[in-house]
Amino acid sequence: MKPSRLSSAAAQVFMVVMLVLWLTPVVFALYVALRPIAETNEHGYVSLPRSLTLDNFRAAWTQSDMWHFFLNSLYITVPAVLLTLFLASSFAYVVSRLRFRWNIALLILFTAGNLLPQQVIITPLFRLYLAIPLPHWLSESGLMYNSYLGLIVINVAFQLGFCVFVLSNYMKTLPAELDEAAIVDGAGVWTRYWRLTLPLCRPALAALATLLTTWIYNDFFWAITLISTGDKRPVTSALANLQGQFVANQNMIAAAALIAAIPTLIVYVALQKQFIAGLSLGSTKG
Amino acid sequence: MSVSRFNRRDGLVVAAMLGVPLIIDAAFIWLPALASVGLSFTKWTGVGGVQLKSCDSLPSVPGIPQPGCLNGVDNYSQAFTTYPDFWPAVQHNIIWLLVFAGFATPLGMLFAVVIDRGIRGSRIYQSVLFLPVMLSLALIGIIWELIYSPNYGLINSVIGRTADDNLIDWLGDPSLNLWALLVEASWRQAGYVMILYLAGLKAVDPALREAAQIDGATGWQTFWRVIFPAMRPINIVVMVVTVIESLRAFDLVYITSGGNPLKGLELLSVAVTQNIVGETQRIGFGSTLGVILLAISLVPITIFLYQAFRREESPK
């Protein structure tokens, strides 16, 4: 039964209206960022452009040392994503592929940990980070607090639960004969995990990598609370500093925010399928 | 195959594969979660250690910070009675949840249903509606400030309220700013829910829909009586996401208020954070607010875990 023509037309109208509503904030920000502050101060943002320039982007980039913040994001995101996937997949392998007695209890522990609001644990975590010493080559402050490593660790710990949940569900769908055959051939646990199971999990790993990269790159809360100095902050949380720095020039803040969005926009254009697959893996079993 | 039949090397490998993630999770998630319960009964500025003595028994000298001490349930009674941000924060978190549950989530579901019907242009609609999910909340807060800007912004320009004597301060006015932020948050949340439901709708057996239609059910009836109940696992996930995201709401408020408390935007998550990032640390009281947040969030978490692991407890 085909939907009636009337309801199709209504659906189209509704979706077009939503499309416009959804695009407006982004397009409007781009428009403001492309206009000189002098012009918008005089005529407001809603006015025809006298000139469109990239000056705000250039100024935001150079005056705020954005390159530096991008590097911070890179130093934190890449190790955090790789570590999370490695640790989560090894843990998931044991609880889902070996008949391990405590597997359900452990899965519950990890999954629940991922669902806690960050603010539940931040107060003791903050004190914990101030109490754990690190060698100076790892952290200038000599503490877990205000170090790249500290931020990597909390991102890994916080994302582990979701990845363990997804990967163990995924691994459960692989045939049991896989391990059995490898055991007959004398393969040890490590070989079966690393050489046999992981390659078969490639679709799930790719989806999770995309999701984790976006989430960790977009993280704001951990960086705001566990990094005190502005110059150590990754770019997403550094936006809060830039907002203070450029307080008189909203156009430049918009430009800085859009520059900071470029990595996620690349993921959006190139890896949208992977991202959606990752979200869907977490919500449907198997 | 049981653990005992592993050889020595396999045993060590398994121990490491389990142990390392477990230690990280325990040390940085569960230890702080449990510690916040303990600390919630103390008074501690972060100076000196925490002593297991009642605060009343310690001398209190003005100007010298007390070490941490046991404070009983004082923090809790203080939160419920004298702390001015507490009840506004609870109220705002509830409003946040109601708007998500009553508006953003149904809207996302509607998007999914319309797109799933395969109307023309559905791929473009999906891509655009999903865009905000990719963006950080910090970025979302910043770009919406341009929409809400009192003197220059889109909304005030369109409705002609940009003059200093008649402008609407969407983000500053305590009776408006929560709602303004909820529009931003819903803009993102609806796309998130849409993606989850699109996955759910694809997983529903098409035969169900056909059978319902052969029986003469209308589209509306088919959805609510057949498709929606069949998506039970997704419904639970969406419910959990809706509740947890409402409790986690923080980034938008922080960006909008520039990190300072802003009247009208009190939230539990913001209150917790203010007790550690401010000049004076109130570790005990911050933990108390954290525990209250924990107690609330355990409800949806338990429901989700029950749903997700119920089937596995029973023997296969």
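Treat the numbers as computed from the prediction; the structure is a model and nothing was measured. (Residues numbered from 1 in each chain as written. Chains lettered and ligands numbered in written order. Predicted model: local features only at pLDDT ≥ 70, side-chain atom pairs only at ≥ 80, totals over all residues.)

Caption draft 1: Quick look at the overall build of chain B. If you tally the helices and strands in chain B, you get 13 helices and 3 strands. By the compact-globule yardstick of 20 Å for 316 residues, chain B is too spread out, its C-alpha radius of gyration being 25 Å. Each principal axis of the C-alpha distribution contributes one length, and for chain B these read about 80 × 80 × 35 Å. Taking the intrachain contacts of chain B between residues at least 6 apart in sequence as the baseline, contacts between residues at least 24 apart amount to 65%. (Helix = DSSP H or I, 4+ residues; strand = E, 2+ residues; numbered from the N terminus. Rg over C-alpha atoms; globule rule 2.2 N^0.38 Å. Contact = placed C-beta atoms within 7 Å.)

Caption draft 2: Fine view of the UniProt feature "domain: ABC transmembrane type-1" (unreviewed entry) in chain A. UniProt feature "domain: ABC transmembrane type-1" (unreviewed entry): in the numbering of this structure it lies at residues 70-271 of chain A. With 76% helix and 0% strand, the stretch residues 70-271 of chain A has end C-alpha atoms that lie 20 Å from each other. (UniProt positions renumbered as here; feature names shortened; annotations may be inferred.)

Caption draft 3: Representation of the UniProt feature "transmembrane region" (unreviewed entry) in chain B within the structure. Look at the UniProt record and you will see "transmembrane region" (unreviewed entry) annotated at residues 12-31, 94-115, 127-147, 178-199 and 283-306 of chain B. In the segment residues 12-31 of chain B, helix accounts for 100% and strand for 0%; the C-alpha atoms at its two ends are 25 Å apart.

Caption draft 4: Spotlight on the sheet that holds strand β2 (residues 50-54) of chain B. All names here are of chain B. The strand order across the open sheet built from 3 strands is β1-β3-β2, with neighbouring strands paired in mixed fashion. Of all the strands in the sheet, the pair left with one neighbour each is β1 (42-43) and β2. Examined bridge by bridge, β2 and strand β3 (residues 68-70) share 2 bridges and lie parallel to one another. Looking at the pairing, V50 lines up with G68 of β3. (Pairing = 2+ DSSP bridges.)

Caption draft 5: Up close: the confidence of the model for chain B. Averaged over every residue, the pLDDT of chain B is 89; the share at 70 or more is 96%. Quick note on the complex model: pTM equals 0.92, ipTM equals 0.90. (pLDDT = per-residue confidence, 0-100.)

Caption draft 6: Looking closely at the domain arrangement of chain A. Residue and element names in this part refer to chain A. For chain A, the domain assignment lists domain 1 (5-57) and domain 2 (60-283). Domain 1 and domain 2 are separated by 33 Å when their C-alpha centres are compared. Counting residues at the interface gives 9 residues for domain 1, matched by 10 residues for domain 2. Along the lines of polarity and charge, the residues of the side of domain 1 that touches domain 2 split into 6 nonpolar, 2 polar and 1 charged. (Domains from an automatic or database assignment. Nonpolar A, V, L, I, M, F, W, Y, C, P; charged D, E, K, R; others polar.)

Caption draft 7: Structural context of the environment of A:R192. All names here are of chain A. One can find R192 in helix α9 (residues 189-200). Along the backbone, R192 and E180 are 12 residues apart, and their C-alpha atoms lie at a distance of 9.8 Å. Apart from residues lying up to four places away in sequence, R192 is in contact with D179, A182, A187 and T197.

Caption draft 8: Structural detail: the UniProt feature "transmembrane region" (unreviewed entry) in chain A. All names here are of chain A. The sites that carry the UniProt feature "transmembrane region" (unreviewed entry) are, in the present numbering, residues 12-34, 74-95, 102-126, 146-167, 200-217 and 252-271. In residues 74-95, helix accounts for 100% and strand for 0%; the two terminal C-alpha atoms are 31 Å from one another. Annotated as 88% helix and 0% strand, the span residues 102-126 places its first and last C-alpha atoms 31 Å apart.

Caption draft 9: Highlighting the interface of chain A and chain B. Contact residues are listed per partner, giving 86 residues for chain A and 90 residues for chain B. Ranked by residue count, the leading element in the side of chain A that touches chain B is helix α1 (residues 5-33) of chain A, at 13 residues.

Caption draft 10: Structural context of helix α3 (residues 86-116) of chain B. Residues and elements named next belong to chain B. Helix length check: α3, at 31 residues, gives a terminal C-alpha distance of 43 Å against a target of 45 Å (1.5 Å per residue), a fit within 8%. Along α3, the largest kink reaches about 40° and is centred on F100. A positive backbone phi angle near 75° is found at G118, which sits one or two residues after α3. (Expected span 1.5 Å × (residues − 1). Bend = angle between axes of the 7 residues up to and from the residue.)

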